[in-house]
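Results of the structural survey
Chain by chain, the residues:
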Amino acid sequence: MQLKILAFAQAQDRLGFRERVVECAPGDSPRAILASLAPGFDGAGVRVAVDCEYHDWDAPVGAASELALIPPVSGG
Amino acid sequence: MTAKEIVFTSGPIVAPALALPSREIGACVEFQGIVREIEGGAALAGLQYEAYIPMATRLLDRIFDELHAAHGCAAVTFIHRLGWVPVGQASLFVRVLAAHRGPALRFCADAIDRMKADVPIWKRATIRPRR
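Now for a quick tour of the structure. On a predicted model such as this, the values are computed, not experimentally measured, just so you know. For every chain, the first residue of the written sequence is number 1, and numbering continues from 1 along that sequence. Written order decides the labels, with chains lettered from A and ligands numbered from 1. pLDDT decides what is reported in this predicted model: residues at 70 or higher carry local features, side-chain atom pairs at 80 or more are listed and counted, and totals for whole chains, interfaces and linings draw on all residues regardless. Hydrogens and waters are ignored; side-chain quantities use all the structure's heavy atoms.

In this section: the overall build of chain A. Comment: elements are numbered from the N terminus, with helices defined as DSSP H or I runs of at least four residues and strands as E runs of at least two. Of regular secondary structure, chain A possesses two helices and five strands. For 76 residues, the compact-globule estimate of 2.2 N^0.38 gives 11 Å, and chain A sits close to it at 11 Å. Across its three principal axes, chain A shows a C-alpha extent of roughly 35 × 25 × 20 Å. Split into buried and exposed, the 76 residues of chain A put 45% on the buried side. Contact between two residues is taken to exist if any of their heavy atoms lie within 4.5 Å; hydrogens are not considered. Excluding contacts between residues fewer than 6 apart, the proportion of contacts in chain A whose partners are at least 24 apart in sequence is 50%. Carbon and sulfur atoms make up 50% of the accessible area of chain A, which totals about 3500 Å². Atoms considered for the radius of gyration are the C-alpha atoms alone. The globule rule reads 2.2 Å times the number of residues to the power 0.38. Each residue is placed in one exposure class: buried if its accessible area under a 1.4 Å probe, protein chains only, is under 20% of its type's maximum, exposed if it is over 50%, and partly exposed if it falls in between. The Shrake-Rupley method, run with a 1.4 Å probe sphere, supplies the accessible areas, and residue values consider only the shown protein chains as cover.

Now for the nonpolar core. Ranked by size, the top nonpolar core spans 42 residues in total, and within it Tyr52(B), Phe78(B) and Ile121(B) carry the most contacts. Elements that contribute at least two residues to this core include exactly strand E5 (66-70) of chain A together with strand E2 (27-34), strand E5 (46-51), helix H1 (53-71), strand E6 (75-81), strand E8 (90-98), helix H2 (101-118) and strand E9 (121-124) of chain B. For this core, the element with the highest residue contribution is H1(B), accounting for seven residues. What Phe78(B) contacts, discounting residues up to four positions off in sequence, is Glu5(B), Ile6(B), Val7(B), Phe8(B), Leu60(B), Phe64(B), Leu92(B), Phe93(B), Val94(B), Met115(B) and Ile121(B). Throughout this description, the term nonpolar core refers to a set of buried Ala, Val, Leu, Ile, Met, Phe, Trp, Tyr and Cys residues connected via side-chain atoms within 4.5 Å. If you look at the next biggest cluster of nonpolar residues, it comprises 20 residues, including Phe17(A), Cys24(A), Leu34(A) and Val46(A).

Residue and element names in this part refer to chain B. Any two strands are treated as partners once DSSP identifies two or more bridges connecting them. As summarised here, the arrangement of the three strands in space is E7-E5-E9, forming an open sheet in which the pairing is antiparallel. Looking at the sheet topology across the chains shown, the edges are occupied by strand E7 (83-86) and E9. Adjacent strand axes in the sheet meet at a mean angle of 30° when their direction is disregarded. The sheet contact formed by E5 and E9 spans four bridges and is antiparallel. Looking at the pairing, alanine 51 lines up with isoleucine 121 of E9. Axes here refer to lines fitted to C-alpha atoms; in helices the fit is confined to the stretch in contact. Angles between the N-to-C directions go from 0 to 180 degrees.

Below, the discussion takes up H1(B). Residues and elements named next belong to chain B. Multiplying one less than the number of residues by 1.5 Å gives the expected span of a helix. For H1, with 19 residues, the first-to-last C-alpha span of 26 Å sits near the 27 Å given by 1.5 Å per residue. Listing the buried residues of H1 in full gives Met55, Ala56, Leu59, Leu60, Ile63, Phe64, Leu67 and His71. Around the axis of H1, the buried residues are gathered within 160° of arc, so they sit on the same side. Positioned one or two residues after H1, glycine 72 has a phi angle of 70°, which is positive. As used here, the arc is the angular range of directions from the helix axis to the C-beta atoms.

Here is the structure:
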């Protein structure tokens, strides 16, 4: 299946892209998907969201269509 | 809650005209977050904001429902500016309407705290305006 990866703020800086589409399986976790996409990516302090909901780095993404990397937020 | 308005805008924030949803409204609390010149000891011209709008909207909607259950307010208006915001201009506007000031004040404070903890909005101090 295809999964859109979104990287915001510092995560975009570290990865060098804002948006990318990858091939993955429903049983894959965000951690495994990122390890495959960007082996050197340091996700320290970064949360992950799947289809607009915060998600465990090690839980399967299921039938999701979008995965977002959420560095520490700072709105306001 | 009778009304929730969540807006992200790239232009200056203009406070909407006050519309009372009922004659039981006794408190209107408004908060504006203003971009300050000094951030981390450095003088800035402004801040650059970005958001993951679909997720931010969904989270804010849920947060407002939870705060309504806790504090019982009648309406909330939330406007966050994105893009370049110069020093002295508002990046955030929140208006809460309730029967009494206590719930309205608590709703407003809690909403901002929850936003700052979880809602995917970011400010960046190092980026200059793109012209």
